[in-house]
Amino acid sequence: MTGGPGWVSTLLALHLAAALAAVPLVRRAGPRGLLVLAAVPGAVLLWVATTAPRILDGAPVEERIGWAPDLGFEIAVRVDSFSLVMVLLVSGIGALIFAYGFAYFGERPDLGRLASLLMGFSGAMLGLVVTDNLLAIFLFWEATSITSYLLIGNDDRSAAARSAALRALLTTGVGGLAMLAGFVLLAQEAGSWSLTQILADPPRGAVVEVALVLVLLGAFTKSAQVPFHFWLPGAMAAPTPVSAYLHSATMVKAGVYLIARFAPPFAEVGVWRPMVISVGLATMLLGGWRALAQHDLKLLLAHGTTSQLGLLVVLLGAGYPEATLAGVVLLLAHGAYKAALFMVVGIIEKAAGTRDIRKLTGLHRPLRTTLLVAAVAAGSMAGVPPMLGFVAKEATYEAALGSGLAMAGLVVALLVAGSALTFAYSARALWGAFAHKGPLDLEDGTSVGPVSGAGLRLVLPAAVLAALAVALGAAPTLVEAIVVSGAQAIDPDVPPAHLRLWHGFNAPLTLSAITIGAGALLWVARHRLERLQQMVHVPPSGARTFDLLLRNTVRAADRVTGALQTGSLPVYLLIILTTVLVVPGTFLLVSLDLPSELLLVDRPVQVAVAAAMVVATVGAIRTRHRLGAVMAVGAVGYGVAVLFIIQGAPDLALTQLMIETLLLVLFVLVLRHLPRRFTSAQTALPTAPRAVLAVLVGLFAAVFAMVAVGARPDLEPVSVEYLARSLPEADGRNIVNTILVDFRAFDTLGEIVVLTVAGLGVIGLVRAASRERVPQPTRPGPIRQEPSLILDRAVRALFHTVITFSVVLLLIGHNEPGGGFIGGLVAGAAFMLVYLAGGTGRLQRAEPLNPELFLGLGISLAALAGLFGWLSGGEFLEASHISFDVPLLGGVKLATVLLFDGGVYLVVVGLVVALLRSLGQEDVRGGSPQASSGAPR
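Residues numbered from 1 in each chain as written. Predicted model: local features only at pLDDT ≥ 70, side-chain atom pairs only at ≥ 80, totals over all residues. Heavy atoms only, no water.

On a plain count of helices and strands, the protein chain comes out with 35 helices and 4 strands. Principal axes of the C-alpha set define a box for the protein chain whose edges measure 100 × 70 × 70 Å. The buried share of the protein chain, taken over its 937 residues, is 49%. Intrachain contacts of the protein chain at a sequence separation of at least 6 include 78% that bridge at least 24 residues. Of the roughly 43400 Å² of accessible surface on the protein chain, a fraction of 67% belongs to carbon and sulfur atoms. One way to put it: in the protein chain the 62 positive side-chain charges average out to a point 14 Å from where the 56 negative ones average out. (Helix = DSSP H or I, 4+ residues; strand = E, 2+ residues; numbered from the N terminus. Buried < 20%, exposed > 50% of the residue type's maximum accessible area, 1.4 Å probe, protein only. Contact = heavy atoms within 4.5 Å. Areas by Shrake-Rupley, 256 points an atom, 1.4 Å probe, with all protein chains shown as cover. Lys, Arg positive; Asp, Glu negative; His and termini not counted. Charge placed at Lys NZ, Arg CZ, Asp CG, Glu CD.)

This is the structure:
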């Protein structure tokens, strides 16, 4: 499907809706709410079941939703056979994790938040593996990092959990930024942001080589490859279901997924293949070696996950067809057995109260069913027949032997060594969890007390995965179609191989026997290995190195901030304005080219207005009274409004008048808490240099404006395009308003978001100051003034008229001077008059609703207007029109731009009311009380 939202987009939206609904759902239903949420990934599996035959036949599902196509950004969905494999992992294991969480979690206050984050992660990971746009991949990539951070640090009272969450976020976040830079370089070289188009016609050159290294850095951080492997063991601070889902089966495979996509066309470009193989093998060996030293079952599996991810990077990143096929098999096998083993660890922890193998003994009797599940999963991880892991290992050896890779013998030897370590730590995990141990293997001869059996609800999800490992290993033809098709979606050169459990006596089988024998020897010699690991000096771990680097970076930042951030506003302005003069000013002087027909003045009245503005500017500088300075600055602003009127721009003039009036009132509200007069300058900067700098900056701005006007005389101004398109395309005669709510609505949406954030920030700061203020001793305040009777009656008569006028401006703004912004400012002026007449109490009676409601409703209306464009098959924020006839009134036409403009109106009103209530309230910092009339002092 193309051209609009389809099933995949709907399923992604369903994940978002479920994430938003999870908190109230779990609060009401308790852990059973997780079973309801499991239906969301279950719906994805149902879609897979109905669509898989078509996809496996070579017909990918494609959907495209426009967002900003001129910038190359769109929600482009493309599900081919390899994406289908990843969808099965994400949603299949996700559904089982939610079912497992129902049995694992009891009644806990944070369960709703956990469920919401898990569902949000599931949707982000699903989006990552189905999108075809590089920018969208980055957005989903970062969404998985953020949800992972929140899930790892779920226990915010634990310093270890907070530290581990921050370590994971910073590591994967820095890698994500490197990956984004690589994406930008690739898109520029390829001329497209589509992943499919880039891979179909891969660019070449030095820039591409740099881009690929950046992409690999992002993938290595996400998939915990050396030297970024250190964050994954710390992530085990998350609850066990989270670890089973994110940090074993899904999120850590995001980097592997990206490497697999890029490998076939780019494997021989630059350092790709040597980098991928060397890093992957180093990670495999280091992870396996460290897993042998762990006593915590979760840490053992975490290091084992790092090791297996290294193997996946080698197979899927080498760019050889046979290795790609083996990598897809291992991808499925690893997701099944590792998620099952993490669930088993959760069962043991619930039953025995610990994960320390030095305290666990004899669990094979009370946890017989769990032992069976663990044995199957560990056997698959170790590569023991007849498990799917054995099929993957045989395919790995066969690919390594036949790849023709340089130094292939060394690579095969290292793969065998890493696989032997895998067998050894698999045995360690199984034996450590269930075996009856002697005093030598128990810590101080202690062990846990009696253990009861685990319930079926807790064991069943892991048992399903273990059963799949056996069934697909014994009969790999069941999964052959999706594996081969998935591998061919990555690399069309992958042969139509036949997966079998038994290939006869051959070289891969011999290597498997060597692997099992060497792994068994390592297991038998486990005590000697533990002593050897304690004796061998190793450099500081990656986690300690990261923490040390982070501490030193923060200290250096503190020192630099202390040296540069002196708290002197004149110094800050001096640095900023000097930079403006030196950097762009130098280039301006070098290439100065003023327009040949430069008209400085076209009407004499402009000279008079400019002279008045200069006088007001000098007055603002010379006066020592704060209120006088504010009035002088306001006069300059009113002068700008007059210039707009002279030039025939009523919209701009009205906006400028309203803003200046509101700013004057807000300035006065702030001045109530400051001395009446400016104090003597406390800066070493003399007045003369500052005056010279100010004049130079003013000249620079004026010259820059003149140069900019005539910079491209050969090009037609964009205003001509707006004039031509305003009526036929935007159906509006007010050019200013059509630009704001139609042509550049996305910019306006960003601006009102900034206004909303600013308003909420002011409210929060003032409320915090009110809570933290120290009671001041009683002291006489200023003389309280009674409200002006004339002002009070005038406001009562004008308030509703001004509000009505503001609504009229909103409604006619698309064709006449007005619009949501101007209307909101006019309505804000009405509330300002109410405040001046009666203070905050009168304002509260005139507008009893919280300003946060106006801000939130305004943003929601603007976003809803954007969604109408999508629902009608267009782009986000594309205008839609509805026409109908009304008796007596005739034809009526409604447009989504009016809804958008209404959102702007509400945001502006909410911001003005928020500022008036916050800055106008009595005694914000414990100072003098406000006069009842609200008049400034």
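Moving on to the packing of aromatic side chains. Across all of its chains, the model carries 11 aromatic pairs by this definition. A ring pair is formed by F121 and Y245, whose centres lie 5.4 Å apart and whose planes are at 85 degrees; its orientation type is edge-to-face. Taken together, the positions of F121 in helix α5 (residues 111–130) and Y245 in helix α11 (residues 240–249) put the pair 124 residues apart, joining distant regions of the chain. Taken individually, F121 and Y245 each receive the classification buried, so the pair is uniform in this respect. On the basis of an interplanar angle of 15 degrees and a centroid distance of 6.4 Å, the ring pair of F183 and F262 is categorised as stacked. On the criterion of sequence distance, the pair formed by F183 in helix α7 (residues 159–190) and F262 in helix α12 (residues 253–266) is long-range, its members being 79 residues apart. (Phe/Tyr/Trp six-rings, centres within 6.5 Å; stacked < 30°, edge-to-face > 60°.)

Let us look at α7. Across its 32 residues, α7 extends 46 Å between first and last C-alpha, which sits within 8% of the 46 Å expected from 1.5 Å per residue. Just beyond α7, the residue with positive phi is G191, at close to 75 degrees. (Expected span 1.5 Å × (residues − 1).)

What follows covers helix α24 (residues 569–590). Spanning 22 residues, α24 covers 31 Å between terminal C-alpha atoms, matching the ideal 32 Å at 1.5 Å per step. Of all the bends in α24, the largest measures some 35 degrees and sits at P584. Within α24, burial applies to L581, G585 and L588. (Bend = angle between axes of the 7 residues up to and from the residue.)

The next point concerns the nonpolar core. V130, W231, F262, W272, I348 and V483 are the most contacted members of the largest nonpolar core, which totals 186 residues. Ranked by the residues each element gives to this core, the list is headed by helix α15 (residues 321–352), at 21 residues. Once residues within four sequence positions are removed from consideration, W272 is found in contact with L212, L216, I259, F262, A263, F266, A267 and G317. Ranked by size, the runner-up nonpolar core spans 47 residues in total, among them I822, M832, V908 and V912. (Core = buried A, V, L, I, M, F, W, Y, C linked by side-chain atoms within 4.5 Å.)

The subject of this paragraph is the pattern of salt bridges. Considering all chains together, one arrives at 13 salt bridges under this definition. Salt-bridge contacts for R78 lead to D80; the nearest nitrogen and oxygen are separated by 3.4 Å. By relative accessible area, which is 7% here, D80 ends up buried. The closest approach of N and O atoms between E721 and R725, which form a salt bridge, is 2.8 Å. (Salt bridge = Lys/Arg side-chain N within 4 Å of Asp/Glu carboxyl O.)

A full pass over the atoms with the stated rule returns 9 cavities of 30 Å³ or more. The computed volume of the largest cavity comes to approximately 150 Å³. Surrounding the largest cavity, 17 residues form its lining, Q308, L311, M381, K393 and S419 being those nearest its centre. Elements that contribute at least two residues to the lining of the largest cavity include exactly α14 (297–317), α15, α16 (368–382), α17 (388–402) and α18 (408–434). (1 Å grid on protein atoms, 1.4 Å probe; cavity = no way out; pocket = protein on both sides within 12 Å on 5 of 7 lines; lining within 4 Å. Points joined across faces, edges and corners; volume = space filled by probe spheres on them.)

Let's shift gears to a nonpolar patch on the surface. Residues F805, V807, V808, L811, I812, I882, L894 and L898 make up a contiguous nonpolar surface patch of about 650 Å² in total accessible area. Top element by residues in the nonpolar patch is helix α32 (residues 789–812). It accounts for 5 residues. With respect to the helices, strands and loops of the structure, V807 is situated in helix α32. On the basis of relative accessible area, V807 is assigned to the partly exposed category, the value being 32%. (Patch = residues over 30% accessible without salt bridge, like charges linked within 9 Å, V, L, I, M, F, W, Y side chains within 5 Å.)

Attention now moves to the packing of α18 against helix α21 (residues 507–524). Their axes nearest at 8 Å, the elements α18 and α21 cross at an angle of 50 degrees. Judged by the angle between their axes, α18 and α21 are oblique. In terms of crossing hand, the pair formed by α18 and α21 is right-handed. When α18 is examined against α21, the residues V412, V416, S419, A420, L421, F423, A424, A427, R428 and W431 are found in contact with a partner set consisting of L511, I514, T515, I516, A518, G519, A520, L522 and W523. Residues that form the contact of α18 with α21 fall into these classes: 15 nonpolar, 3 polar and 1 charged. (Axes fitted to C-alpha atoms, helices over the stretch in contact; angles between N-to-C directions. Parallel < 35°, antiparallel > 145°, perpendicular 65-115°, else oblique. Left-handed = near helix turned anticlockwise from the far one by under 90°. Nonpolar A, V, L, I, M, F, W, Y, C, P; charged D, E, K, R; others polar.)

Now for the packing of helix α9 (residues 206–222) against α12. Where α9 meets α12, the closest approach of the two axes is 8 Å, and the angle between their N-to-C directions is 155 degrees. Taken together, the axes of α9 and α12 lie roughly antiparallel to each other. Every pair of crossing elements has a handedness; the one defined by α9 and α12 is left-handed. Counted together, V208, L212, V215, L216, A219, F220 and K222 of α9 and A254, G255, L258, I259, F262 and F266 of α12 form the full contact between these two elements. Classifying every residue of the contact of α9 with α12 by side-chain character gives 11 nonpolar, 1 polar and 1 charged.

The next point concerns unusual backbone geometry. Peptide bonds are trans in most cases, and residues, glycine excluded, mostly fall at negative phi. In this structure, the amide linkage connecting V226 to the following residue, P227, adopts the cis form with an omega of 5 degrees. Structurally, P227 is set in the loop between α9 and α10 (231–234). For the bond running from P385 to P386, omega is 5 degrees, close enough to zero to count as cis. Looking at the element boundaries, P386 is found in the loop between α16 and α17. With a phi angle near 55 degrees, A224 is a residue other than glycine that sits in the positive phi range. Within the fold, A224 resides in the loop between α9 and α10.

This is a description of form; function is not addressed.
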